[in-house]
Amino acid sequence: MKIFIAGASGAIGSRLVTQLAARGHEVVGTTRSAAKTGALRALGAEPVVVDALDPDSVADAVAKAEPEVIVHQLTALSGPADLKSMKRMATATNRLRTEGTDHLLAAARAVGVRRFVAQSNAMWMERTGGPVTDESGRIEPNPPADGAEAVAALRHLEEAVTGISWAEGIALRYGGFYGPGTSMSAAPDAVMAEQVRARKFPIVGGGSGVWSLVHIADAASATVAAVERGKPGIYHVADDDPAPVHVWLPELARALGAEPPRRVPAWLVRPLAGKAAVDAMTRARGISSEKTKRELNWTLMYPSWRTGFTQGLD
């Protein structure tokens with residue numbers, strides 16, 4: 001198939017290019033930077049520079065590519081870990097999940113795309129019920145005020161994509177990425193790993209929030225499966241070992257050769273990092289990927305982060 005990847009130079013996008021090209025697909029990949037076109041071409045994609053927030057730029061690129069499938073992996077979550085930068089990245093990502101999604105869907109419909117696969121996120125599953133939810137779970141309807149914009153953007157993306165009738169709309173709710181090219185890797189400039197090494201990523205409160213994680217290679221292979229044989233709707237993409245923060249975070253520190261994370265009361269963190277960050281650390285729910293494994297015949301390289309942290313961070 002001819003596949004158009006929006007956000008092809010990112011951590012998952014670059015992996016996706018490689019895996020799709022290896023399976024014989026023709027890939028067109030977008031980037032915001034002309035400096036990254038050579039790297040995309042080396043991975044096996046035909047690169048194109050696109051401003052995803054400019055509807056004319058998106059429409060022109062999609063019209064020229066004439067793809068059968070569009071994969072939406074656009075985010076702006078890379079850069080320094082200071083609060084100002086993180087807020088700026090979050091705001092940009094929210095726009096990509098709202099305006100960017102709408103621009104891509106309009107362009108897709110104009111050229112007759114038959115399948116549209118988009119990146120969602122499992123961090124904001126509804127905070128009621130057991131520690132793990134399947135695809136029937138909904139996005140949290142009452143998030144903290146400082147997380148409301150991000151939650152609304154995810155909800156917009158999922159509803160817009162899965163609500164189309166002119167093509168097969170698929171939303172992938174990914175767990176937290178780790179592995180090469182992500183913020184949670186062995187690279188010296190990996191943002192989250194750097195914070196863990198510096199003991200600046202603490203266990204907040206009891207660290208009872210349950211996180212689902214997924215190695216970046218597994219996230220890419222699940223996306224390939226969705227591209228090739230997914231059905232309209234939502235799929236979860238995470239490993240088989242959802243765990244509370246107080247369980248997996250010390251193991252990540254150990255794998256990185258760092259000292260154990262500090263423990264900090266929630267009341268102390270809340271005015272500094274915000275209510276949404278505390279909520280994620282203390283109330284998050286994990287996800288089950290049984291539907292994805294069953295329906296898409298998806299097999300994990302790293303069924304647990306326990307093995308992934310020791311074997312797959314670099």
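Okay, so let's go over this structure. The structure presented is a predicted model; accordingly, all values stated were derived computationally and were not measured.

Bringing the sheet that holds strand β5 (residues 115-121) into the picture now. Taking strand neighbours across the sheet as the criterion, the seven strands line up as β3-β2-β1-β4-β5-β7-β12 in an open arrangement whose pairing is parallel. Two strands bound the open sheet, and with one partner strand each, they are β3 (45-49) and β12 (233-237). With strand direction ignored, the average angle separating the axes of adjacent strands in the sheet is 20°. Direction of pairing for strand β1 (residues 2-6) relative to strand β2 (residues 26-31): parallel, over a ladder of four bridges. Across the sheet, residue Ile3 finds its bridge partner in β2, namely Val27. Sheet contacts for helix α3 (residues 55-65): β1, β2, β3 and β4 (69-72); angle to β1, the most-contacted strand, approximately 160°. Packed onto the sheet, helix α5 (residues 148-162) meets β4, β5, β7 (168-174) and β12 and runs at close to 160° relative to β5.

This paragraph deals with helix α1 (residues 11-22). Compared with an ideal rise of 1.5 Å per residue, which puts twelve residues at 16 Å, α1 spans 17 Å between its outermost C-alpha atoms and is within 8% of the ideal. Within α1, the full set of buried residues consists of Ile12, Gly13, Ser14, Leu16, Val17 and Leu20. With its phi angle positive at about 90°, Gly24 sits one or two positions after the end of α1.

This brings us to the environment of Ile3. Relative to the assigned elements, Ile3 resides in strand β1. Residue Ile3 is classed as buried on the basis of its relative accessible area of 0%. C-alpha of Ile3 to C-alpha of Leu256: the two residues are 253 residues apart in sequence and 36 Å apart in space. Discounting residues that sit within four places of it in the chain, Ile3 has contacts with Leu20, His25, Glu26, Val27, Val28, Pro67, Val69, Val71 and Val227.

The next subject is the pattern of salt bridges. Tallying each qualifying case throughout the model produces 16 salt bridges. Between Glu251 and Arg254 there is a salt bridge, with the nearest N and O atoms lying 2.5 Å from each other. You can see Glu251 and its partner Arg254 sitting in helix α8 (residues 245-255), three residues apart, about one turn around the helix. We classify Arg254 as exposed; its relative accessible area is 53%. In the salt-bridge network here, residues are joined through shared partners; they are Arg23, Glu228 and Arg229.

Moving on to the packing of aromatic side chains. One pass over the structure, following the stated rule, counts four aromatic pairs. Aromatic side chains Trp211 and Trp248 sit 5.1 Å apart centroid to centroid with 40° between the ring planes, which places their arrangement in the tilted category. With a gap of 37 residues between them, Trp211 in strand β10 (residues 210-211) and Trp248 in helix α8 connect regions that are remote in the sequence. Accessibility assignment for this pair places Trp211 and Trp248 in one class, buried.

Attention now moves to the pairing of β1. Burial runs high along β1: four of the five residues are buried. Between the parallel pair β1 and β2, the chain is carried across by α1, and the sense of this crossover is right-handed. As paired elements, β1 and β4 share four bridges and run parallel to each other. Bridge pairing in β4 links Ile5 to Val71.

It is worth spelling out the side chain of Asp241 at this point. The topology assignment puts Asp241 in the loop between β12 and β13 (243-244). At 2.7 Å, the side chain of Asp241 forms a polar contact with the side chain of Arg306. For Asp241, the contacting residues outside a window of four places in its chain are Pro303, Ser304, Trp305 and Arg306.

For the rest of this paragraph, the subject is the packing of helix α9 (residues 266-273) against helix α10 (residues 275-283). Their axes nearest at 7 Å, the elements α9 and α10 cross at an angle of 135°. The angle between α9 and α10 places the two elements in the oblique class. Of α10, the residues touching α9 (which contributes Ala266, Val269, Arg270 and Ala273) are Lys275, Ala277 and Val278. Taken together, the residues that form the contact of α9 with α10 break down as five nonpolar, no polar and two charged.

Moving on to the environment of Leu256. Within the element layout of this structure, Leu256 appears in the loop between α8 and β14 (263-264). Classification of Leu256 by relative accessible area gives buried; the value is 12%. C-alpha separation for the pair Leu256 and Ala186, spaced 70 residues apart in sequence, amounts to 6.5 Å. Leu256 has contacts with Ser185, Ala186, Ala193, Val196, Arg197 and Leu313, leaving out every residue within four places of it along the chain.

Parameters at a glance
- Residues numbered from 1 in each chain as written.
- Predicted model: local features only at pLDDT ≥ 70, side-chain atom pairs only at ≥ 80, totals over all residues.
- Heavy atoms only, no water.
- Pairing = 2+ DSSP bridges.
- Helix = DSSP H or I, 4+ residues; strand = E, 2+ residues; numbered from the N terminus.
- Axes fitted to C-alpha atoms, helices over the stretch in contact; angles between N-to-C directions.
- Contact = heavy atoms within 4.5 Å.
- Expected span 1.5 Å × (residues − 1).
- Buried < 20%, exposed > 50% of the residue type's maximum accessible area, 1.4 Å probe, protein only.
- Salt bridge = Lys/Arg side-chain N within 4 Å of Asp/Glu carboxyl O.
- Phe/Tyr/Trp six-rings, centres within 6.5 Å; stacked < 30°, edge-to-face > 60°.
- Right-handed = clockwise from strand over helix to strand, strands pointing away.
- Polar contact = N/O pair within 3.5 Å; in protein donor to acceptor, adjacent residues only side chain to side chain.
- Parallel < 35°, antiparallel > 145°, perpendicular 65-115°, else oblique.
- Nonpolar A, V, L, I, M, F, W, Y, C, P; charged D, E, K, R; others polar.

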